[in-house]
Amino acid sequence: MAGHFEVFTDNGGSCRVRLVDNFGKVIAFSAPFRDTDAAARAIYTFREIAASGLIEDHT
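Residues numbered from 1 in each chain as written. Predicted model: local features only at pLDDT ≥ 70, side-chain atom pairs only at ≥ 80, totals over all residues. Heavy atoms only, no water.

**Student:** It is not clear to me how the overall build of the protein should be interpreted in this structure. Could you clarify?
**Tutor:** Looking only at helices and strands, one finds one helix and three strands in the protein. Its helices and strands in sequence order give the protein the pattern β-β-β-α, from N to C terminus. Viewed in the frame of its principal axes, the protein has a C-alpha envelope of about 35 × 25 × 25 Å. Expressed as a percentage of the 59 residues in the protein, the buried residues total 20%. Summarising the internal contacts of the protein: among those between residues at least 6 apart in sequence, 15% fall at separations of at least 24. Averaging the locations of the 6 positively and 8 negatively charged side chains of the protein gives two centres separated by 5 Å. (Helix = DSSP H or I, 4+ residues; strand = E, 2+ residues; numbered from the N terminus. Buried < 20%, exposed > 50% of the residue type's maximum accessible area, 1.4 Å probe, protein only. Contact = heavy atoms within 4.5 Å. Lys, Arg positive; Asp, Glu negative; His and termini not counted. Charge placed at Lys NZ, Arg CZ, Asp CG, Glu CD.)

See the structure below:
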């Protein structure tokens, strides 16, 4: 199974998104969103950036 996004409600009542790899490990965790629609829009934006975004190395 491929990785996936999980939308959930945090302890403060905000919606958040976590990106989980195919082994079940959380590899990214979002800022809070006001509702699931905002979280879903962020997922679509993330997908677009990940597909074509450049990598900037700031090490």
